[in-house]
Amino acid sequence: MLNRETYIQRRQQLCSLINDGIVLLFGNNESPCNYPANAYAPFRQDSSFLYYFGLQEIGLIGVIDTETNDEWLLGDDVDVEDIVWYGAVPTMISLSESVGVRNSAPLKRIYDIVKEAQDKKRKIHFLPPYRHDNQILIMDLLGIHPSMQREAASMELINAVVKMRSKKSIEEIAELERASAIGYEMHTKAMRMTRPGRTEKFIAGHIDSVAYSLGAKQSFATIYTQHGEIMHGSPSMNVLEDGRLVLCDCGAETINNYCSDHTRTLPINGKFTTRQKEIYDIVAECHDYALDVAKPGVKYFDVHMAVCRLMTERLKELGLMKGDTDEAVMQGAHAMFLPHGLGHMMGLDVHDMEGLGQIHVGFDEETRPRLDQFGTNCLRMGRRLQEGFVVTDEPGIYFIPALIDSWKASGHCKEFLNYDMLETYKDFGGIRIEDDILITSDGCRFLGEKRIPYHTKDVEKYMEENKE
C-alpha cells in the first residue's frame, strides 16, 4: 500500500471533479476457477478501487459523497470459521482507519445508502463493471440490467478517473520503476535460457518464477512463442528450433500492483541470420525513433504515424514495399506488417484503464481513431502526451500468412506491396521490441535503471556470455 495520505488526497481530488451525487467504487470478490472454494490466485483487486482506497481485501465497496465529503468503507468482518482457514484478518474499522476513511459498516449498508440517494434524486456514479457478481449487485441496487450497465456508467466519473490516473505521481513512478526492474530480470532470464531443444513452456515457466520469487507476479499472461506473428501467442509444448526466432512478451506487477510490459525477440541459437537481422534492425530503429519524437504536447497518434513512415521507407529499401511512402501509410499498406498501435497507457493495469473504455483513455476529441481502416482501428493510444504519462513503445514487423493471402487475393494495396517477395517470408514469424517510457518535462525516458539488451550485437553478446 502507498502512503495513507495519498489515498486521502486522491479521494478529495475526485470529489472536486464530480459535481454532485455519490460515487460507488466496487472492489472485487474472489473469482472461482472450477468450484467456489478453488479461486484463481493470487487475488487481484479492482484497479480503480485500489487507486482510491488501496486495500487488497475481498468484498469491499467504497462510497464517496461528493457534496458532504463523507466516505464509507463497506464490508463484512470475518467470523471464527474463516479465521481457522485463512488466519486473522483486520477488522473493517482498522481497514478504514488505515486509509483515512471515517465511516465503516457491513456490506448490506450499501442498500440503505443507495436508496437514500435515490429518494433524494441524487446522481449515483459508478464505473463500467466487468465482474458478473458486481454486475448483479448493481442490478439489485439500481435496477439496471448487466447488458446496459456499460452505457449507464457515469461519464463524469470515467473522465475524472482517467484524468487522475493518467498522470503518474512520484510514488507511482517509483513503483513502475520497480516493476521494470523485475521485468529486466524476467527477460534476461529468458535470454540466458533460450536455446534449441527446450520447450516454450519450459522457458515461460522459469520466466514467471522470477516474478513470483521477487514478491511480484505477472502483469499479464506471459507470451513466449516461435510464432511471433501471432500477437498474443501462448507458450506451447513445441520445442525451440535452431535457426528460428522466439518472441518473449512479459511483465511484472509489483506488490502494490503497478505493472511493466517489455518485449524482446531472440534468435534461438543466439545468432541472427542476415534476413532476420535486416528486419530486426528496422524494428529497433523504429523503437529508438519513437524516443526522439515523443514529448509533451505531441499526439501519440503522430508518433505512431512517424514510426510507420520510417518503417515503410526501410521496407522499401528491402524491396518488400514500394511506391510513395506518405500515400502508402495513408492507405494503410504498412498495416500488413504492423497491424497494431505503437503503444498503450501503463500503470495499475498493464493496459491502463482499458476497462473504462479505450476511446476515453487513449483518445480525446481531437484524436479519434479511424475505425474503418485495418491497423488504425487497433490503436490504443493517440492523445496528446503530458508530463507524467507512462506509455509503451512497441513497434513490430510481422509476416502473417493468412493476412498475406487475403490481401494478395483481393489486390489490396498492391501498388505498395511486393507480394511475390512477401511469399518468401511466410515462414519468418514476427519481431516486436517493447519498453515502457515516461513522458518528462522536455521529452521522454525509459523506465527501469537497467536496459534489457535489444540491439542485435547486444542481444547476441548477452546470449553468448550468459548461458544457463
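These numbers come from a predicted model, not from an experiment.

What counts and how
- Residues numbered from 1 in each chain as written.
- Predicted model: local features only at pLDDT ≥ 70, side-chain atom pairs only at ≥ 80, totals over all residues.
- Heavy atoms only, no water.
- Helix = DSSP H or I, 4+ residues; strand = E, 2+ residues; numbered from the N terminus.
- Rg over C-alpha atoms; globule rule 2.2 N^0.38 Å.
- Buried < 20%, exposed > 50% of the residue type's maximum accessible area, 1.4 Å probe, protein only.
- Contact = heavy atoms within 4.5 Å.
- Areas by Shrake-Rupley, 256 points an atom, 1.4 Å probe, with all protein chains shown as cover.
- Lys, Arg positive; Asp, Glu negative; His and termini not counted.
- Charge placed at Lys NZ, Arg CZ, Asp CG, Glu CD.
- Salt bridge = Lys/Arg side-chain N within 4 Å of Asp/Glu carboxyl O.
- Pairing = 2+ DSSP bridges.
- Axes fitted to C-alpha atoms, helices over the stretch in contact; angles between N-to-C directions.
- Phe/Tyr/Trp six-rings, centres within 6.5 Å; stacked < 30°, edge-to-face > 60°.
- Patch = residues over 30% accessible without salt bridge, like charges linked within 9 Å, V, L, I, M, F, W, Y side chains within 5 Å.

K.L.:
Mind showing me how you'd approach the overall build of the protein here?
P.N.:
Across its full length, the protein carries 17 helices and 17 strands. Since a compact globule built from 468 residues should have a radius of gyration of about 23 Å, the 24 Å found for the protein is in line with a globular shape. Reported as C-alpha extents along the three principal axes, the dimensions of the protein are approximately 70 × 50 × 40 Å. The buried share among the 468 residues of the protein stands at 55%. Across the protein, contacts joining residues at least 24 apart in sequence account for 73% of those joining residues at least 6 apart. When the accessible surface of the protein is split by element, carbon and sulfur atoms take 52% of a total near 20,300 Å². Considering the protein, the positive charge centre built from 51 side chains and the negative charge centre built from 71 side chains are found 2 Å apart.

K.L.:
Is there a simple way to explain the pattern of salt bridges in this structure?
P.N.:
When their charged atoms lie close together, side chains carrying opposite charge are able to pair. A complete count under the given rule lists 35 salt bridges for this structure. Residue Asp119 is joined to Lys115 by a salt bridge in which the shortest nitrogen-to-oxygen separation is 3.0 Å. Pair noted here: Asp119 and Lys115 are both in helix α5 (residues 109-119), with a separation of 4 residues, about one helical turn. The structure contains a network of salt bridges with shared partners spanning Arg165, Lys168, Asp349 and Asp352.

K.L.:
Help me out: how do you make sense of the environment of Leu422 in this one?
P.N.:
Along the polypeptide, Leu422 turns up in helix α16 (residues 419-423). On a C-alpha basis, the gap between Leu422 and Tyr111 in space is 61 Å, while along the polypeptide they are 311 residues apart. When sequence neighbours within four positions are dropped, the list of residues in contact with Leu422 reads Leu320, Met336, Phe337, Phe399, Ile404 and Leu417.

K.L.:
I tried to follow the sheet that holds strand β12 (residues 262-267) on my own but got confused; where do I start?
P.N.:
Hydrogen bonding along the main chain pairs the strands of a sheet, whether they run parallel or antiparallel. Taken in spatial order, the 3 strands make up an open sheet running β9-β10-β12, and their pairing is antiparallel. Bordering the open sheet on either side are β9 (223-225) and β12, each of which pairs with just one other strand. Each neighbouring strand pair of the sheet contributes to a mean axis angle of 10 degrees, computed without reference to strand direction. Sheet topology places strand β10 (residues 245-250) next to β12; 6 bridges connect them, and they run antiparallel. Looking across to β12, one finds that Cys248 is bridged to Arg264.

K.L.:
Just checking my understanding: could you explain the packing of aromatic side chains for this structure?
P.N.:
Ring pairs (aromatic) are described by centroid distance and by the angle formed between their planes. This model, assessed by the stated rule, comprises 8 aromatic pairs. Arranged with centres 4.8 Å apart and planes meeting at 50 degrees, the rings of Phe272 and Tyr280 form a pair that is tilted. Between the aromatic rings of Phe399 and Phe428, the centroid separation amounts to 5.1 Å while the plane-to-plane angle is 65 degrees, which identifies the pairing as edge-to-face. Taken together, the positions of Phe399 in the loop between β14 (396-398) and α15 (401-410) and Phe428 in the loop between α16 and β15 (430-432) put the pair 29 residues apart, joining distant regions of the chain. Here Phe399 falls in the buried class, since its relative accessible area comes to 1%.

K.L.:
When you look at a negative patch on the surface in this model, what are you seeing that I'm missing?
P.N.:
Judged by side-chain charge, Asp324, Asp326, Glu327 and Glu415 come together as a negatively charged surface patch. Within the element layout of this structure, Glu327 appears in helix α13 (residues 325-330). A relative accessible area of 30% means that Glu327 is categorised as partly exposed.

K.L.:
How should I be thinking about the pairing of strand β4 (residues 61-65) in this particular structure?
P.N.:
Regular strands place their side chains on alternate faces of the sheet. The buried fraction of β4 is high, at 5 of 5 residues. Burial along β4 is two-sided: Ile61, Val63 and Asp65 and Gly62 and Ile64, pointing in opposite directions, are all buried. Direction of pairing for strand β1 (residues 22-26) relative to β4: antiparallel, over a ladder of 5 bridges. Opposite Val23, over in β4, you have Ile64 as the bridge partner.

K.L.:
When you look at unusual backbone geometry in this model, what are you seeing that I'm missing?
P.N.:
Glycine aside, the phi torsion of most residues is negative, and most peptide linkages are trans. Following Ala41, the chain continues to Pro42 via a peptide bond in cis, the omega torsion being -5 degrees. Here Pro42 is to be found in the loop between β3 (38-39) and α2 (47-53). Despite not being glycine, Lys121 has its phi angle at roughly 60 degrees, a positive value. Its location among the elements puts Lys121 in the loop between α5 and β7 (124-126). Residue classification places Lys121 among the exposed residues on the basis of a relative accessible area of 74%. Its identity as a non-glycine residue notwithstanding, Cys413 has a phi of 55 degrees, on the positive side.

K.L.:
I keep staring at the side chain of His304 and nothing clicks. Help me out?
P.N.:
You can see His304 is positioned in helix α12 (residues 300-318). We classify His304 as buried; its relative accessible area is 2%.

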